[in-house]
Amino acid sequence: MKVLGIDIGGSSIKGAPVETGTGRLLAGRFKIETPLLLSPAEMADAAGMIATHFRWRGPVGIGFPGVIHGGTILTSANLDKKFIGCDAIKLFGKGTGRPVALTNDAAAAALAEMTFGAGRNFGGKVLLLTLGTGVGSVLFFRGALFPCELGHLQMDGRDAERRVASSVKRRKDLSWKEWGRRLSRYINILEGLFWPELIIIGGGVSAKHAKFFKYVKPRARMVPAEFLNEAGIVGAALWAEQERRA
Ligand code: BGC
């Protein structure tokens, strides 16, 4: 099946058509930078621009950086608070003019990695973290994927994502070593709670894993996401396909 996958992030929205049988992008991704906070209507228009760019006539899957129940957005830590309570299926359905399925952005990334990427064929307990504007988190075990909000666990008296997201490294100009050590402490806390056997690190910064993995000392095996920054797009498309079959 061909699905347009769209990944909404804290600083951009990007999308590409995906072949869901292989996880391959059918065309180069189209990205719109969003340096200013977009309102829900503006974000829906941006999603519409992506659909128009690809002259898209098929279904659309969207990953959103917040808690999603059904088609409703319940939290929006790093985007406009007006998203909270939005019927996102309706909002983005109107924006794109296509049938839309919605899931959490990290859940989308995990779906891509567990199906075609770093976690394929792995039978044990997996923790996937996406490091970007915020920290996305998902647990996976025996085919079941559980979206979490571990970026909001308290660390040093504040939301952990305010300490370890890759946006914090940039904003505070932390060295790879300083940031890597913080991340190590955070991951050790999560390991004490969940005892994953495999940790997958996603988000844009995963492309630079060689620079910081050496400072992170997990108990589990830790690997970068294979889809790197495209996991969210691919996974959003896979999610839409699953929803259509359900
Ligand atoms: C949000 C999560 C999201 C993560 C990564 C957090 O601030 O609460 O829902 O998955 O950022 O975007």
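Scroll up to find the structure.
All of the points below concern the structure found in this document. (Residues numbered from 1 in each chain as written. Predicted model: local features only at pLDDT ≥ 70, side-chain atom pairs only at ≥ 80, totals over all residues. Heavy atoms only, no water.)

1. What about the packing of aromatic side chains?
For any pair of aromatic rings, geometry is given as the distance between the ring centres together with the angle between the planes. Evaluated as defined, the whole model comprises five aromatic pairs. Pairing Trp-176 with Phe-212 gives two aromatic rings, centres 5.7 Å apart and planes at 10°, and the pair type is stacked. Here Trp-176, found in helix α6 (residues 176-194), pairs with Phe-212, found in helix α7 (residues 209-212); they are 36 residues apart in sequence, far enough to count as distant. Taking the relative accessible area as the measure of exposure, Trp-176 reaches 22% and is therefore partly exposed. With centroids separated by 5.3 Å and ring planes inclined at 80°, the aromatic side chains of Phe-212 and Phe-213 adopt a geometry described as edge-to-face. Assigned by exposure class, Phe-212 and Phe-213 land together as buried. Of the aromatic side chains, those joined through ring pairs into one cluster are Trp-176, Trp-179, Phe-212 and Phe-213. Cation over ring: Lys-169 sits above Trp-176, and NZ or CZ is 4.1 Å from the ring centre. (Phe/Tyr/Trp six-rings, centres within 6.5 Å; stacked < 30°, edge-to-face > 60°. Helix = DSSP H or I, 4+ residues; strand = E, 2+ residues; numbered from the N terminus. Buried < 20%, exposed > 50% of the residue type's maximum accessible area, 1.4 Å probe, protein only. Lys NZ or Arg CZ within 6 Å of the ring centre and 35° of its normal.)

2. Section: a positive patch on the surface
Together, Arg-158, Arg-170, Arg-171, Lys-172, Lys-208, Lys-211 and Lys-214 give the surface a local cluster of positive charge. Along the polypeptide, Arg-171 turns up in helix α5 (residues 166-171). (Patch = residues over 30% accessible without salt bridge, like charges linked within 9 Å, V, L, I, M, F, W, Y side chains within 5 Å. Areas by Shrake-Rupley, 256 points an atom, 1.4 Å probe, with all protein chains shown as cover. Salt bridge = Lys/Arg side-chain N within 4 Å of Asp/Glu carboxyl O. Lys, Arg positive; Asp, Glu negative; His and termini not counted. Charge placed at Lys NZ, Arg CZ, Asp CG, Glu CD.)

3. Considering the site of the ligand
In the vicinity of the ligand, the contacting residues are Pro-65, Gly-66, Ala-77, Asn-78, Asn-104, Asp-105, Gly-134, Val-135, Gly-136, Glu-149, His-152 and Glu-161. Within the contact set of the ligand, an oxygen atom lies 2.7 Å away from a side-chain nitrogen or oxygen of His-152. Isolated, the ligand exposes 320 Å² of accessible area, and the fraction of that covered by the protein chains is 95%. Taken together, the residues of the shell around the ligand sort by class into three nonpolar, six polar and three charged. Mapping the shell around the ligand onto the domain boundaries places at least three of its residues in each of domain 1 (2-107 + 230-245) and domain 2 (121-225). (Near = heavy atom within 4 Å. Polar contact = N/O pair within 3.5 Å; in protein donor to acceptor, adjacent residues only side chain to side chain. Nonpolar A, V, L, I, M, F, W, Y, C, P; charged D, E, K, R; others polar. Domains from an automatic or database assignment.)

4. What to know about the pairing of strand β11 (residues 144-148)
Across five bridges, the pairing between strand β10 (residues 135-141) and β11 is antiparallel. Following the sheet pairing, Ser-137 is matched in β11 by Cys-148. Between β10 and β11, which pair antiparallel in sequence order, lie two residues; one of them, Arg-142, sits at a positive phi of approximately 45°. (Pairing = 2+ DSSP bridges.)

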